[in-house]
Amino acid sequence: MTSPDTAIHKKIFLNLGLDNGIDIYLYSPEAYSNPLRYRLNLAGREFLRLIRNLVHGYRPVVRIALPEKELLAVYRALPVDGQVLVKF
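In what follows, the accompanying structure is described. (Residues numbered from 1 in each chain as written. Predicted model: local features only at pLDDT ≥ 70, side-chain atom pairs only at ≥ 80, totals over all residues. Heavy atoms only, no water.)

## Examining the environment of Phe-13
Alright, step 1. Looking at the secondary structure, you find Phe-13 in the segment before strand E1 (14-17).
Alright, step 2. C-alpha separation for the pair Phe-13 and Leu-71, spaced 58 residues apart in sequence, amounts to 8.3 Å. (Helix = DSSP H or I, 4+ residues; strand = E, 2+ residues; numbered from the N terminus.)

Listed below in structure tokens is the structure:
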């Protein structure tokens, strides 16, 4: 059974969690109407986590901004239960 492509109507954000504890976050800067507002919102959420003592440990995050069409291509190329290999 195939499902309709929701990427046509919704913004795409990919959050890939790796086994070694690194998160890779792929997003499109065009998805935000105001990038400064997004960054302030993100910083505010992290600050509230710190105040509420919800920080459980260090979890590195790699944020990669891609143009919307390229991000859509990556999203469509990923299999349902895909695996990612990151080589340092």
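## Description of the sheet that holds strand E2 (residues 23-27)
Alright, step 1. Read from one edge to the other, the open sheet built from three strands follows the order E1-E2-E3, with strand pairing classed as mixed. Each edge of the sheet is formed by a strand with only one pairing partner; in this case those strands are E1 and strand E3 (61-65). Direction aside, the axes of adjacent strands within the sheet are offset by 15° on average.
Alright, step 2. In this structure, E2 lies alongside E3, joined through five bridges in parallel fashion. The residue bridging Leu-26 from the neighbouring strand is Ile-64, located in E3. (Pairing = 2+ DSSP bridges. Axes fitted to C-alpha atoms, helices over the stretch in contact; angles between N-to-C directions.)

## A short note on the pairing of E1
Look at any regular strand and the pattern is simple: side chains alternate between the two faces of the sheet.
Alright, step 1. What you see with E1 is a clean split: Leu-14 and Leu-16 sit on the buried side and Asn-15 and Gly-17 on the side with no burial.
Alright, step 2. In this sheet, E2 lies alongside E1 in antiparallel orientation, the contact comprising four bridges. The partner of Gly-17 across the bridge, within E2, is Asp-23.
Alright, step 3. Between the antiparallel neighbours E1 and E2 lie five residues, among them Gly-21 with a positive phi of about 95°. (Buried < 20%, exposed > 50% of the residue type's maximum accessible area, 1.4 Å probe, protein only.)

## Let's talk about the nonpolar core
Alright, step 1. If you look at the biggest cluster of nonpolar residues, it comprises nine residues: Ile-12, Leu-14, Leu-16, Leu-18, Ile-22, Ile-24, Leu-26, Leu-66 and Leu-71.
Alright, step 2. Among the elements of the structure, E1 and E2 are those that each provide at least two residues to this core.
Alright, step 3. Contacts of Leu-26, omitting those with residues within four sequence positions, involve Phe-13, Leu-14, Leu-16, Ile-64, Leu-66, Leu-71 and Val-74. (Core = buried A, V, L, I, M, F, W, Y, C linked by side-chain atoms within 4.5 Å. Contact = heavy atoms within 4.5 Å.)

## Digging into the packing of aromatic side chains
We describe a pair of aromatic rings using the distance from one ring centre to the other and the angle between the two ring planes.
Alright, step 1. Counted under the stated rule, the structure contains two aromatic pairs.
Alright, step 2. An angle of 0° between the planes, with centres 6.5 Å apart, marks the rings of Phe-13 and Tyr-25 as stacked. In this pair, Phe-13 sits in the segment before E1 while Tyr-25 sits in strand E2, placing the two residues 12 residues apart along the sequence.
Alright, step 3. The class for Phe-13 is partly exposed, based on a relative accessible area of 37%.
Alright, step 4. Centre to centre, the rings of Tyr-25 and Tyr-27 are 5.5 Å apart; their planes meet at 20°, and the pair counts as stacked.
Alright, step 5. By the ring-pair criterion, three or more aromatic residues cluster together here, those being Phe-13, Tyr-25 and Tyr-27. (Phe/Tyr/Trp six-rings, centres within 6.5 Å; stacked < 30°, edge-to-face > 60°.)

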